[in-house]
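Listed here are the chains, written in short residue letters.
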Amino acid sequence: MVTAARAAAVTVASLPAMTPQRLAKLSRVAGRSAPAAGWAGVLDDLRRGGEAALHLARAALGGRPDADGGGRSQRLARRWSAAARSVEPEAVAAAYDAAGVRVLLPGDDAYPAALAADQEAPAVLFCRGAAAGPGPCAVAVVGTRSATHYGKEVAAELGAVLAAHGVSVVSGLAAGIDAAAHEGALAPDAGAGGPPVAVVGAGLDVVYPAATARLRERIEAVGTVLSEAPLGASPEPWRFPLRNRVIAALSQLVVVVESHRAGGALHTVESALARGIEVMAVPGSIRSPASAGTNWLIASGAQVVTSPDDVLVALGRKTVAAPSGSAAASPLPHLELTPAERGVLAAVESTPVSTQEILERTERPLGEVALALDRLDAAGLVRDCGGAWVLRSPRSPRRDG
Amino acid sequence: MIATIQSATLTGVEGRPVAVEVHVSNGLPSFTIVGLPDAACRESRDRVRAALLSSQLAWPLRRVTVNLAPSGVRKAGAGLDLAIAVGLLVAAGEIEPREVEGSGFIGELGLDGSVRAVPGVLPLVAALHTAGVVVPAVSVREASLVGRHVVRAARSLREVADALAGRAGWPSLPEPAPASGADEERSEMADVQGQRLGRRAVEVAAAGGHHVLLCGPPGSGKTMLARRLPHVLPPLDREEALEVSRVRSAAGLPLPDGTLPSRPPFRAPHHCASAVSLVGGGTGQMRPGEISLATNGVLFLDELGEFPASVLDALRQPLEEGVVHVARARASCTFPARFLLVGATNPCPCGEGGPAGACRCSPATRDRYARRLSGPLLDRFDLRVRVERPSAHELIGRHDNEPTSAVAARVALARDLARQRGVRCNADLPAGALDRWAPLDGEARAILERRLVAGAVTARGLDRLRRVARTIADLAGAGELIGGEHLSEALALRIPPDQLIGGATW
């Protein structure tokens, strides 16, 4: 944090009852041309209280005459004044520095270029990580949290291929598709790609969901995690549509891997379409509820992704796509398999099959089947999904365990 | 003059001998009971008085003191009524002391002089070391199960007094009822269609005493499988049968047919049952709970996640030590609680989980559901399997499923092998003995190493895995070494909890 003015921006952003929309309106008052300087003035006004604070509160709430005769803006002004007076901007700035969080304001060199030109650009953006934003080429890979094994595998493959071609993978760090996409982008054999970017809804010090903590650290090590929310902000539901618009705005292309008929990914799609950003979708089984949304997108005109190459072609990174279906797995023929192992392998498919089902198909005792599956797993032909087994696609990154 | 009569009182599920001393002396008429009697015991005075008068026997108008020895132990219940009444008769000179020597007396008295049943006759009689025992007529069969005593029935105080005084003989014992055939309903394994994995899990659980968790959608046969487990377990030996009967008796439950049970008990408490009914306790007289009634048998907890966390937590001690300590303000008690635990749960609240993202739950709901079952509890289950609904093909087609008898035979052999190692079952093998009794061959070792490196097996899960693999090897009659096949099967029967419940959909 270099200047007191930036500290002022951070302090205002951290006030209670502050939302990105209100912050954006305040930033217009602060003046877009010299945003940092203007924030100091905003903070002073708030601390002074009275008419100055009330004026700001009215502006933040949209400038409409209040339905209840000004009560709402008065309450807001009082709240903000009290909060602004009770903190020292230097202390706030020091807290952010201690957490390793940088503040990006429009006009900063580090502020992502794609966002700078956006209509709804974040007035204050927080980031943590080695980079400040995506590289020159960025693709969003998003999808449902209740993803199937198929969706996660495709997302991971996509992430790996994009990273291998120097593309920044942008996603929301949610469980399911988002996490799988970044796992793929960070896989050791994915090669050095553009910095991965995760955009989250909560404050950067709040780890949500807990299961992605390790993934978040790995992203910060080579890329960046962005958020509009101040430190300590919890992942309230209303923050997520806002975060989705940032994901869309940062990218040249949005790929939806799996989505239910209604879901957050579809909101990201709306934000993308509103900005003229192209949307692609991965088809899925018509029996799978997790592909109902993506299949609908395709029916509504989104481009179909039948292999990671399709995405590269859409980006202009490749001219000819590989023939579709090549992503399907085929067993390596040169391995020596016993008849029992061949039988078991034949019972496994590219979507997970439960152990119970394999027992029925092969009609062999559990001990024999279990041993065969273990050998096939060791040979890299199948993967254990916990009670179910699936053929391992040759291109999927090898995640053991 | 002092009369001493042998009787017993119930502490938990164990009886403790009580010597009822009756002292009659000159002085203003009074009647005091000492020796820590509880409320019901103190009321004996009124019952005994009315019973004596109703039986046309004398009530001494002197100073009477009754001591219930040992005086430091709390005496509960009304079972000492008969002994006190007989003691009074002896102290008053109506009955010769030698007639009551060598006999114990147990029973509650009605105001009309009838002798009534009390709960826990079996443990009470088991605590007596007299040659004979006099019990209420309805409890005669139960008392005979102990086998050490000459049992006499008492229907009324008058009859007892007459018999002891030599005025009449003892009433004859009721005829033992013919033993009914063991109930074969809901016992046939061949009735379970499909479910190869589930049936195998039940077999391994029975053979090695391994706790098993069945996870699956509604209608996948979890309850059916659980109900068949007691039928493939070996029958109870005499000690175990007596223990089961003692607990039932102390809980006030009838003993079927008055014979010792041969089949292990099966208890399936509902998840709305109170913690006390499950674990045992209660104010005043402490009663054993469901987990004690399941001792030497099966405790089936359906909808495991619906049980209150406090109840599931209370299971940890019994699962580890095989007993449960119940402490109250007035007293504390230890009940036996050594059972085979079968848990059933859905993979998620909507019940579907698993295939093709059929689950309709939001990730937050799934997480909440998964959090209800704590890691330490799930860790206790040696076997964790996923059961599916049987396919139409399996339900309709003719299949030769193995009958219970075949499975039970293998289980019995496996249990024999465990006994040769000095434990009741393989699940009891101490960790230090695993290297001796459960050595792995080269292939098994390689498989295990790979899984350890991949983090699929934790160091703590390792011991449990080896015990399960030992049981599987025993069932296969494989001899000392555990092979790759046995270890793989053990791994297949032991799915990590986070992949089973609330976890990733496939």
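Rules used throughout
- Residues numbered from 1 in each chain as written.
- Chains lettered and ligands numbered in written order.
- Predicted model: local features only at pLDDT ≥ 70, side-chain atom pairs only at ≥ 80, totals over all residues.
- Heavy atoms only, no water.
- Helix = DSSP H or I, 4+ residues; strand = E, 2+ residues; numbered from the N terminus.
- Buried < 20%, exposed > 50% of the residue type's maximum accessible area, 1.4 Å probe, protein only.
- Contact = heavy atoms within 4.5 Å.
- Areas by Shrake-Rupley, 256 points an atom, 1.4 Å probe, with all protein chains shown as cover.
- Pairing = 2+ DSSP bridges.
- pLDDT = per-residue confidence, 0-100.
- Axes fitted to C-alpha atoms, helices over the stretch in contact; angles between N-to-C directions.
- Parallel < 35°, antiparallel > 145°, perpendicular 65-115°, else oblique.
- Left-handed = near helix turned anticlockwise from the far one by under 90°.
- Nonpolar A, V, L, I, M, F, W, Y, C, P; charged D, E, K, R; others polar.
- Phe/Tyr/Trp six-rings, centres within 6.5 Å; stacked < 30°, edge-to-face > 60°.
- Lys NZ or Arg CZ within 6 Å of the ring centre and 35° of its normal.
- Buried area = accessible area lost by both parts, 1.4 Å probe.
- Salt bridge = Lys/Arg side-chain N within 4 Å of Asp/Glu carboxyl O.
- Polar contact = N/O pair within 3.5 Å; in protein donor to acceptor, adjacent residues only side chain to side chain.
- Core = buried A, V, L, I, M, F, W, Y, C linked by side-chain atoms within 4.5 Å.

**Considering the overall build of chain B**
Phase 1: Looking only at helices and strands, chain B has 23 helices and 18 strands in total.
Phase 2: Taken along the three principal axes of its C-alpha coordinates, chain B extends 85 × 45 × 45 Å.
Phase 3: When burial is assessed residue by residue, chain B has 54% of its 506 residues classed as buried.
Phase 4: Pairs at least 24 residues apart make up 72% of the contacts formed inside chain B by residues separated by at least 6 positions.
Phase 5: For chain B, the accessible area works out to roughly 21000 Å², and carbon and sulfur atoms hold 52% of it.

**A closer look at the sheet that holds strand β10 (residues 212-215) of chain B**
All names here are of chain B.
Phase 1: Here we have five strands laid out as an open sheet, ordered β11-β14-β17-β10-β18, and parallel in their pairing. Bordering the open sheet on either side are β11 (266-267) and β18 (383-386), each of which pairs with just one other strand.
Phase 2: As paired elements, β10 and β18 share four bridges and run parallel to each other. Residue pairing across strands places L213 opposite R384, the latter belonging to β18.

**With respect to the sheet that holds strand β10 (residues 353-354) of chain A**
Phase 1: Taken together, three strands build an open sheet; the order of strands is β10-β12-β11 (chain A) and the sheet is antiparallel. The open sheet terminates on both sides in strands that have one partner only, identified here as β10 and β11 (382-384) of chain A.

**Quick look at unusual backbone geometry**
Phase 1: Here the bond from A:Y208 into A:P209 is cis, since omega is -10 degrees, no more than 30 degrees from zero.
Phase 2: Inspection of the secondary structure assignment puts A:P209 in the loop between β5 (197-200) and α10 (213-222).
Phase 3: Here B:A69 and B:P70 are connected by a cis peptide whose omega angle stands at 0 degrees.
Phase 4: Position of B:P70 relative to the elements: it lies in the loop between β4 (63-69) and α3 (81-91).
Phase 5: Even without a glycine there, the phi angle at A:A17 is positive, about 60 degrees.
Phase 6: Locating A:A17 in the fold gives a position in the loop between α1 (4-13) and α2 (20-30).
Phase 7: Positive phi is not limited to glycine here, since A:L173 has a value of about 60 degrees.
Phase 8: In this fold, A:L173 is placed in the loop between β4 (168-171) and α9 (177-186).

**Details of the confidence of the model for chain B**
All names here are of chain B.
Phase 1: Counting all residues, the mean pLDDT for chain B is 86, and 94% of those residues have values of 70 or more.
Phase 2: Per-element averaging of pLDDT across chain B places helix α17 (residues 392-396) at the bottom with 73 and strand β14 (residues 298-301) at the top with 95.
Phase 3: For this predicted complex, the interface score ipTM comes out at 0.76, alongside a pTM of 0.76.

**Observations regarding the packing of helix α11 (residues 239-250) of chain A against helix α12 (residues 264-274) of chain A**
All names here are of chain A.
Phase 1: α12 packs onto α11 with a crossing angle of 50 degrees between their chain directions and a minimal axis gap of 8 Å. Classified by the angle between their axes, α11 and α12 sit oblique to one another. Our pair here, α11 against α12, has a crossing hand that is right-handed. Residues P241, N244, R245, I247 and A248 of α11 form the contact with α12, whose participating residues are G264, H267, T268, S271 and A272.
Phase 2: Residues belonging to the contact of α11 with α12 are distributed by class as follows: four nonpolar, five polar and one charged.

**Regarding the packing of aromatic side chains**
Phase 1: Scanning the model with the defined rule gives four aromatic pairs over all chains in all.
Phase 2: Positioned over the ring face of A:W296 is A:R261, at 4.1 Å from the centre of the ring.

**What about the pairing of strand β2 (residues 14-25) of chain B?**
Residue and element names in this part refer to chain B.
Phase 1: Sheet analysis places strand β1 (residues 2-11) next to β2, joined by ten bridges and oriented antiparallel. Bridging across to β2, T4 finds its partner in E21.
Phase 2: Between β1 and the antiparallel strand that follows it, β2, lie two residues; G12 among them carries a positive phi value of about 70 degrees.
Phase 3: Both β2 and β4 contribute to a ladder of seven bridges, which runs antiparallel. By the bridge assignment for β4, V22 is matched with V66.

**What to know about the interface of chain A and chain B**
Phase 1: On the chain B side, the residues contacting the 32 residues of chain A number 31 residues.
Phase 2: Around 2600 Å² of area is buried between chain A and chain B when both sides are counted, 56% of it from carbon and sulfur atoms.
Phase 3: Considering only the surface of chain A that becomes buried against chain B, A:Q356, A:L366 and A:D374 emerge as the three largest contributors, covering 21% of it.
Phase 4: With a closest N to O distance of 3.1 Å, B:R451 and A:D374 form a salt bridge.
Phase 5: Where chain A meets chain B, there are five residue pairs in polar contact (both at pLDDT 80 or more).
Phase 6: Within the residue set of the side of chain A that touches chain B, elements represented by two or more residues are α8 (149-164), α16 (355-362), α17 (366-378) and β12 (388-391) of chain A.
Phase 7: Here the side of chain A that touches chain B gets nine residues from one element, more than from any other, and that element is α17(A).
Phase 8: Taken together, the residues of the side of chain A that touches chain B sort by class into eleven nonpolar, eleven polar and ten charged.

**Describing the nonpolar core**
Phase 1: Within the largest apolar cluster, 69 residues are counted, with the highest numbers of intra-cluster contacts made by A:I358, A:V382, B:L229, B:V342 and B:L493.
Phase 2: When residues no more than four places from it in sequence are discounted, the contact partners of B:V342 are B:V212, B:L214, B:A226, B:L229, B:V298, B:L299, B:F300 and B:L301.
Phase 3: Listed in part, the 54 residues of the second largest apolar core include B:V151, B:A153, B:L378 and B:F381.

**Focus: the pairing of strand β15 (residues 323-327) of chain B**
Residues and elements named next belong to chain B.
Phase 1: Going residue by residue along β15, you find V324 and V326 tucked away on one face and V323, H325 and A327 left uncovered on the opposite face.
Phase 2: Across five bridges, the pairing between β15 and strand β16 (residues 332-336) is antiparallel. If you follow H325 over to β16, its bridge partner there is T334.

**Regarding the environment of B:A446**
All names here are of chain B.
Phase 1: For A446, the position within the fold is in helix α20 (residues 442-453).
Phase 2: Residue classification places A446 among the partly exposed residues on the basis of a relative accessible area of 48%.
Phase 3: Separated by 109 residues in sequence, A446 and A337 have C-alpha atoms that sit 38 Å apart.

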